[in-house]
Amino acid sequence: MATREMVEAAFLASLTAMLALVGVYVLPLSVIANLVWTIPIVLCVVRNGWRYGVMSLAVATLLIGLLTNLPLALLLLLQFGGLGLWYGVAFRRMWPAWQIWLPGSVIAALSVVAAVGLGAWLSGVSLEALQGQMQAAMEASLAMYRDSGALASSGLTEAQLREQLQAMLKLLQLLLPSFILIYGSVTAASTFLLTRAVLRRLPLPVPPLAPFAEWRLPWPFIWLVIAGLAGNLAGEYWSVEWLRVIGLNLLYVAYPLIFVLGLSVLTFFFRRIEFSPVLLGLGVFLAVAFLGQFVIIFIGTIGLMDMIFDYRQRVNRDA
């Protein structure tokens, strides 16, 4: 191994460990630190190859383990290490942005599952114990409502409120796979954008990324929405619970992406009339805050229709 690459890998391992420790000990910065602490690993892979990246990540994990504890270091490695190595390889090969982000979302979601599984195994907490804790939290919420008088003013009996909370708890458990995938998608997207911005400032070549107003989803993505609708409707019609759950999870995974696509379409058309992006963002935020579900559904519908009819391509062709 070349001396320069070894020294650079060691330095980047130290930087990685330092950023991870910031997330551990400075709680207000933990969210940002968790998104950026693997950027030095990406840089190491981009500059020197995946072998040096793996070595740098291993050294960083050992440093974190020595300065905190080994289980925490392993949890951080499982949760973010794979994504950092993947982005390093993908950035080095200059793949298109969506081909980097989409597998990154799956890797991030699987990493969360692995980290939670390891954490549960190390702490000795079983799935039944977690369900029991959730049930206890629900009962505590019921007691708080009852003692504060909010239950009496709501017009609901305690049995009715308990039934509603039980249904909500069951729905959350059924939709857990989609929530994990959504978390993975958001984590992968945030890490991708931050990593790309840092590498550009160094400067290093980065994968091309279209302006937000030109973002598109591959058209086969529409089949995910169709499958989700079909599974949900068929499950309800024939009373097949597992089919309905699969359909719901597919829809919950698809909708955030369709919503972002709808925002992209709105940005495209408002940009053509030279409307301020800041005012557009503020307007969408206020509309969602005050009109809520209606605006979210409306913007998502715009994104879904654009996948089918591609309004922006028609406008560009006519122009």
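Residues numbered from 1 in each chain as written. Predicted model: local features only at pLDDT ≥ 70, side-chain atom pairs only at ≥ 80, totals over all residues. Heavy atoms only, no water.

A. Examining the side chain of Thr187 more closely. Locating Thr187 in the fold gives a position in helix α10 (residues 176-201). Under the relative-accessibility criterion, Thr187 is labelled buried at 7%. Here Tyr183 takes part through its backbone oxygen, which lies 2.9 Å from a polar atom of the side chain of Thr187. Residue contacts for Thr187: discarding those within four places in its chain leaves Leu35, Phe80 and Leu83. (Helix = DSSP H or I, 4+ residues; strand = E, 2+ residues; numbered from the N terminus. Buried < 20%, exposed > 50% of the residue type's maximum accessible area, 1.4 Å probe, protein only. Polar contact = N/O pair within 3.5 Å; in protein donor to acceptor, adjacent residues only side chain to side chain. Contact = heavy atoms within 4.5 Å.)

B. Here's a closer look at the packing of aromatic side chains. Applying the stated criterion to the full structure yields 11 aromatic pairs. Measuring from ring centre to ring centre gives 5.5 Å for Trp86 and Trp95, while their planes differ by 40°; the resulting arrangement is tilted. Relative to Trp215, the ring of Phe212 has its centre 5.0 Å away and its plane inclined at 70°; by these criteria the two rings are edge-to-face. The exposure class assigned to Phe212 is partly exposed, which follows from its relative accessible area of 31%. Take Trp215: its relative accessible area is 29%, and that puts it in the partly exposed class. Cluster of aromatic residues (ring-pair linked, three or more members): Tyr87, Phe91 and Phe192. (Phe/Tyr/Trp six-rings, centres within 6.5 Å; stacked < 30°, edge-to-face > 60°.)

C. Seen up close, helix α14 (residues 293-309). Over its 17 residues, α14 runs 24 Å from end to end, which matches the ideal 24 Å to within 8%, given 1.5 Å per residue. For α14, the full list of buried residues reads Val295, Ile299, Gly300, Ile302, Gly303, Asp306 and Met307. On an axial view of α14, the arc spanned by its buried residues comes to 145°, and they lie on one face. Looking at α14, the residues exposed on the side facing more than 90 degrees away from the buried face are Gln293 and Phe294. (Expected span 1.5 Å × (residues − 1). Arc of directions from axis to C-beta.)

D. Up close: the nonpolar core. Ranked by size, the top nonpolar core spans 28 residues in total, and within it Tyr87, Phe91, Ile100, Phe192, Leu199 and Phe221 carry the most contacts. Where this core is concerned, the elements lending two or more residues are α1 (3-25), α3 (39-48), α5 (70-93), α6 (97-123), α10, α11 (222-237) and α12 (241-272). In terms of residue count, α5 provides more of this core than any other element does, 5 residues in total. With residues up to four places along the chain from it excluded, the contact list for Phe221 reads Ala254, Leu257, Ile258 and Met307. (Core = buried A, V, L, I, M, F, W, Y, C linked by side-chain atoms within 4.5 Å.)

E. Representation of unusual backbone geometry in the model. With omega at -10°, the peptide bond leading from Leu202 into Pro203 counts as cis. Here Pro203 lies in the loop between α10 and α11. Of note, the phi angle at Ser239 is positive, near 55°, even though the residue is not glycine. The residue Ser239 is located in the loop between α11 and α12 in this model.

F. Quick look at the pattern of salt bridges. Here the structure, examined in full by the defined rule, presents 8 salt bridges. In this structure, Arg47 and Glu8 form a salt bridge, with 2.7 Å as the shortest nitrogen-oxygen distance. Highlighted residues: Arg47 in helix α3 and Glu8 in helix α1, separated in sequence by 39 residues. Here Arg47 falls in the partly exposed class, since its relative accessible area comes to 40%. The residue Glu214 makes a salt bridge to Arg216 at a minimum N-O spacing of 3.4 Å. Given a relative accessible area of 37%, Arg216 falls into the partly exposed group. Linked through salt bridges whose partners overlap, the residues forming this network are Arg4, Glu5, Glu8 and Arg47. (Salt bridge = Lys/Arg side-chain N within 4 Å of Asp/Glu carboxyl O.)

G. View of helix α4 (residues 50-67). Across its 18 residues, α4 extends 26 Å between first and last C-alpha, which sits within 8% of the 26 Å expected from 1.5 Å per residue. Taken together, the buried positions of α4 are occupied by Tyr52, Gly53, Ser56, Leu57, Ala60, Thr61, Ile64 and Gly65. Among the structural elements, α1, α3 and α5 are those in contact with the buried residues of α4.

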